[in-house]
Structure formats: C-alpha cells, structure tokens
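Understanding the architecture of this molecule
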Amino acid sequence: MFLSGYSVPISPYLQQVLSQDLNVGSMLVTVRIAGKVKWKVGSWVSGKYHLDVNCPAYLRFGNPTGGIPVGPALKLQLLQSCHVETALGS
C-alpha cells in the first residue's frame, strides 16, 4: 500500500478499506471539481460561471491494462458519464 505525499496521516479505518481495495485489485475513485471560469475573446470578457464536475472512475491496481497510458499519466475507465453543471455566477 502506498500513498504519495509527505507525512500523510491516515486513520486506521481508511487503511483497512484501502487494504481491502488493494486485495480486490480495484478502487472506485470520484473526481470532483468545483470552481469558477471565465474567458476572453478579443476585448470581450465573459461573466464568471460556476463549474461543478463529478466523474466516478474505476482504478485497477497492478494491471497494466487497467488504464490507457497518456505520457506520464494514466487514463481511467469511467463507470458512467461525468456530470457537469454550469451556472452564471457573480
């Protein structure tokens, strides 16, 4: 079991769950992004938009075919479509 980082404390419960995922060989990871975006075209600047993204992904351990290598990264298998919401914000 390996977590990347410096002095990353984890609770005994989390260690237990991660060990189970490691034994099974896979883990469900939910990638969530929340933020604000705006863009500029020429001199026109858009308003700020809220952006909320929710992507469940399936991560396989120790299996070279568990993902698609893209440079130094790995593309994950999505279990379902990502849910993306945008709204005009202030």
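Residues numbered from 1 in each chain as written. Predicted model: local features only at pLDDT ≥ 70, side-chain atom pairs only at ≥ 80, totals over all residues. Heavy atoms only, no water.

Looking only at helices and strands, the protein chain features one helix and eight strands. N-terminal to C-terminal, the α/β element order of the protein chain is α-β-β-β-β-β-β-β-β. By residue count, 12% of the 90 residues in the protein chain fall in the buried class. Taking contacts inside the protein chain between residues at least 6 apart in sequence as the whole, the part at least 24 apart equals 51%. Working note: accessible area of the protein chain is about 7300 Å², and carbon and sulfur atoms make up 59% of it. (Helix = DSSP H or I, 4+ residues; strand = E, 2+ residues; numbered from the N terminus. Buried < 20%, exposed > 50% of the residue type's maximum accessible area, 1.4 Å probe, protein only. Contact = heavy atoms within 4.5 Å. Areas by Shrake-Rupley, 256 points an atom, 1.4 Å probe, with all protein chains shown as cover.)

For the coordinates displayed, the defined rule picks out one aromatic pair. The interplanar angle of 15° and the centroid separation of 5.3 Å between the aromatic rings of W39 and Y49 together place this pair among those described as stacked. Remark: Y49 occurs in strand β4 (residues 49–60) and W39 occurs in the loop between β1 (26–37) and β2 (40–41); sequence separation between them is 10 residues. For W39, a relative accessible area of 40% corresponds to the partly exposed category. The class of Y49 is partly exposed, set by a relative accessible area of 26%. (Phe/Tyr/Trp six-rings, centres within 6.5 Å; stacked < 30°, edge-to-face > 60°.)

By the element assignment, S46 lies in the loop between β3 (44–45) and β4. On the basis of relative accessible area, S46 is assigned to the buried category, the value being 6%. Excluding its chain neighbours within four sequence positions, the residues that come into contact with S46 are K38 and W39.

Bringing the state of the cysteines into the picture now. A full pass over the atoms with the stated rule returns one disulfide. One disulfide bridge connects C55 with C82, the sulfur atoms lying 1.9 Å from each other. Looking down the S-S bond of the C55 and C82 bridge, the torsion is 125°, so its handedness is right-handed. Of this pair, C55 sits in strand β4 while C82 is found in the loop between β7 (77–78) and β8 (83–88), placing the two residues 27 residues apart along the sequence. (Disulfide = S-S within 2.5 Å.)

The subject of this paragraph is helix α1 (residues 12–24). An ideal rise of 1.5 Å per residue puts 18 Å on 13 residues; α1 measures up with 19 Å between its terminal C-alpha atoms. G25 occupies a position one or two residues after α1 and carries a positive phi of about 95°. (Expected span 1.5 Å × (residues − 1).)

To continue, consider the pairing of β4. Sheet topology places β1 next to β4; 12 bridges connect them, and they run antiparallel. In the sheet register, G35 faces β4, and the bridge partner there is L51. Two elements, β4 and β8, share six bridges in a ladder whose sense is antiparallel. Directly across from D52, in β8, lies its bridge partner E85. (Pairing = 2+ DSSP bridges.)

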